[in-house]
Amino acid sequence: MNFLWPILGGFANVVIVLLIAPFFEGVLRKVTALIQSRRGPPIWQPYFDLLKLLGKEDLESGETPLMQRFAVYLSLATVLTVACLVPMGFPPPMNGVGDAILLIYLLTLAGVCTLLAGLAAGSTYSLLGVSREMMAMVALEPLFAVALVIGAVHTQSFRLDTVLNGSVYAADLPLSGLIMLGVMLLSFQAFV
């Protein structure tokens, strides 16, 4: 029966990610609007957008619709795998399997899949979105990777639970970690 708890914890992590991700998108939209001196949409707007999107007809367009579908499914699979790696209040089932390097690879793969889906559409508008996503990846992914590596060096372990738990306490955080935290906070303005 002990093998069942990590599986239920992983399922709970996946459900949390799927239910709370639109909320954080709404918070991000609201903060972006406040920075730009606008009122912005309500925080619950991404939930309404998802309901509307799920009710629409499924159309396949572009040069390679099979590649679009594959890239979208692979992106979702990588994000759900990350949810099974990162502890979010429940013990993740792949706690001992993954490390900080795997987390970096998976999050980069999710971004690359988004790029592939946009490129497979072949539309001018999708190419604009691809270029914006690519610039965000080039600017932010290396910073995230360096922040995880700094945490791994500080804790002297690449185990993900050790790196994440070792970086929580501000008193134990080295000067390099504090500088990297400031850089990460400042770099998130690229999303605005």
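Asks: Which parts of the structure should I look at to understand a nonpolar patch on the surface?
Replies: A cluster of nonpolar side chains, namely M67, F70, L109, V112, L116, L119 and L127, defines an oily patch on the protein surface of about 550 Å² accessible area. The set of elements that each furnish at least two residues to the nonpolar patch consists of helix 3 (65-85) and helix 4 (100-121).

Asks: Can you walk me through the packing of helix 3 against helix 4 in this structure?
Replies: Angle between the axes and distance between the axes: these two values describe a pair of packed helices. Their axes nearest at 8 Å, the elements helix 3 and helix 4 cross at an angle of 160°. Classified by the angle between their axes, helix 3 and helix 4 sit roughly antiparallel to one another. By crossing handedness, the relation of helix 3 to helix 4 is classed as left-handed. Only L102, L103, L106, L107, L109, A110, C113, T114, L116, A117, A120 and A121 of helix 4 make contact with helix 3, whose side of the interface consists of M67, Q68, A71, V72, L74, S75, T78, V79, T81, V82 and L85. A per-class count over the contact of helix 3 with helix 4 returns 18 nonpolar, five polar and no charged.

Asks: Please explain the pattern of salt bridges as it appears in this structure.
Replies: For side chains of opposite charge, pairing can occur when their charged atoms come near one another. Counted under the stated rule, the structure contains two salt bridges. For the salt bridge of E25 with R29, the shortest nitrogen-to-oxygen distance reads 3.5 Å. Within this pair, E25 and its partner R29 are both found in helix 1 (residues 4-35), separated by four residues, close to a single helical turn. Here R29 and D49 are joined by a salt bridge, their closest N and O atoms 3.1 Å apart. Here the residue R29 occupies a position in helix 1, and D49 occupies one in helix 2 (residues 45-54), the gap between them amounting to 20 residues. The class of R29 is partly exposed, set by a relative accessible area of 28%. Linked through salt bridges whose partners overlap, the residues forming this network are E25, R29 and D49.

Asks: Just to check I follow, could you spell out the packing of aromatic side chains for this structure?
Replies: Describing an aromatic ring pair means giving the distance of the ring centres and the angle of the ring planes. In this structure the tally under the stated criterion is three aromatic pairs. When the ring of F23 is compared with that of F24, the centres are 5.7 Å apart and the planes differ by 65°; the resulting orientation is edge-to-face. Judged by its relative accessible area of 53%, F24 falls in the exposed class. Their ring planes at 35° and their centres at 5.7 Å tell us that W44 and Y47 sit as a pair that is tilted. Overall, the relative accessible area of 25% leaves Y47 in the partly exposed class. Grouped by ring-pair contacts, the aromatic residues F23, F24, W44 and Y47 constitute a single cluster.

The rules behind these values
- Residue positions within a chain follow its written sequence, with the count starting from 1.
- In keeping with the model being predicted, local features are shown solely for residues with a pLDDT of at least 70 and side-chain atom pairs are shown and tallied solely at 80 or more, while totals for entire chains, interfaces and linings include all residues.
- In computing side-chain properties, one takes all heavy atoms of the structure into account and sets aside hydrogens as well as water.
- Each patch is built from residues that are more than 30% exposed by relative accessible area and take part in no salt bridge. Like charges join if they lie within 9 Å; nonpolar side chains (Val, Leu, Ile, Met, Phe, Trp, Tyr) join within 5 Å.
- Only the protein chains shown count as cover for residues, and all accessible areas are computed by the Shrake-Rupley method using a 1.4 Å probe.
- Should a side-chain nitrogen of Lys or Arg be within 4 Å of a carboxyl oxygen of Asp or Glu, the pair is scored as a salt bridge.
- For the purposes of this entry, the term helix denotes a DSSP run of H or I that reaches at least four residues, the term strand denotes a run of E that reaches at least two, and both are numbered from the N terminus.
- Helix axes are fitted only over the stretch in contact, all axes being lines through C-alpha atoms; the angle between N-to-C directions runs from 0 to 180 degrees.
- By the definition adopted for this analysis, an angle is roughly parallel if under 35 degrees, roughly antiparallel if over 145, roughly perpendicular if from 65 to 115, and oblique otherwise.
- Working rule for handedness: look at the near helix, and if it is turned counterclockwise from the far one by less than a right angle, call the crossing left-handed; if clockwise, right-handed.
- Note on definitions: a residue-residue contact is assigned when non-hydrogen atoms from the two residues lie within 4.5 Å.
- Note on residue categories: nonpolar means Ala, Val, Leu, Ile, Met, Phe, Trp, Tyr, Cys or Pro, charged means Asp, Glu, Lys or Arg, and polar means any other residue, Gly included.
- Only protein chains enter the accessibility calculation, which uses a 1.4 Å probe. A residue is then buried if its area is under 20% of the maximum for its type, exposed if over 50%, and partly exposed in between.
- When two rings of Phe, Tyr or Trp (its six-membered ring) have centres within 6.5 Å they constitute a pair, described as stacked for plane angles under 30 degrees, edge-to-face for angles over 60, and tilted for the intermediate range.

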